[in-house]
Each structure stands twice: as structure tokens, then as C-alpha cells.
Amino acid sequence: MRTPPRSLMAAAAVPVALAAAAAVLKAGHWKLYADRHRIHLTPVARRSCPDCRGAGGWWAGGPFPEMEACGCWSERRELHIRLLPVPARFDEPPF
Ligand SMILES: [Zn+2]
């Protein structure tokens, strides 16, 4: 049995390694997510916030309590940068 050349095997291994490479970094008041398709920077709640004290929100009273987001993170902008297009998936039925 003949084995494929090493360069072909290495070329096949590179996309697998890149697909698994993703990084999540939380520093300061921001959370950074990065992989080969996107870089996403989202704000997180501040520990020094006098309203939520880092929890990000609070529960509103009433018979159906809802979580209200604190303005220390919800009013700040997100940054989303697309890098490589996400390939279309054809494994779903068309209808
Ligand atoms: Zn807050």
C-alpha cells in the first residue's frame, strides 16, 4: 500500500489545526474572542460599578421577574471584525 507524500499530509493537517485555534481573552472591562473567521470585542461589567458591582445587572421585581442589564456594559459598543468568510453548510435540508 502506498502512503501519500508528507507534504500532502501536512497540508491536510493545517486546516484542522486552524479550525481548532480560537482564543478567548478577558482583560480589563473587555472580553476578546478571536478565531480565523472573526475578532469580537465585547464589554463586560465593571467590578467598580456602584449599581451592579460587577454582576452585570439585577432582577426587576414583579410576578414575572426579568433581568435588567446595567449600563456599565450594555451601553458600550461592541467591535466585530470579520476575517475569513464562514463556509456555507449544505448538510441542512433545503425546505
Ligand atoms: Zn454595572
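See the structure shown above.
Just so you know, these numbers come straight off a predicted model, no measurement behind them.

Caption draft 1: Highlighting the pairing of strand β4 (residues 57-60). Relative to strand β5 (residues 66-69), β4 runs antiparallel, the two being bridged by four bridges. If you follow Trp58 over to β5, its bridge partner there is Glu68. Between β4 and β5, which pair antiparallel in sequence order, lie five residues; one of them, Gly62, sits at a positive phi of approximately 115°.

Caption draft 2: The arrangement of unusual backbone geometry in detail. Located in the positive-phi region is Arg53, a residue other than glycine, with phi close to 55°. Position of Arg53 relative to the elements: it lies in the loop between β3 (38-43) and β4. The partly exposed category is assigned to Arg53, around which 14 C-beta atoms lie within 10 Å.

Caption draft 3: Representation of the environment of Gly71 in the model. Within the secondary structure layout, Gly71 lies in helix α2 (residues 71-74). Taking the C-alpha atoms as reference points, Gly71 and Gly57, separated by 14 residues in sequence, lie 8.4 Å from one another.

Conventions and cut-offs
- Residues numbered from 1 in each chain as written.
- Predicted model: local features only at pLDDT ≥ 70, side-chain atom pairs only at ≥ 80, totals over all residues.
- Pairing = 2+ DSSP bridges.
- Helix = DSSP H or I, 4+ residues; strand = E, 2+ residues; numbered from the N terminus.
- Buried ≥ 20, exposed ≤ 12 C-beta atoms within 10 Å, placed from the backbone.

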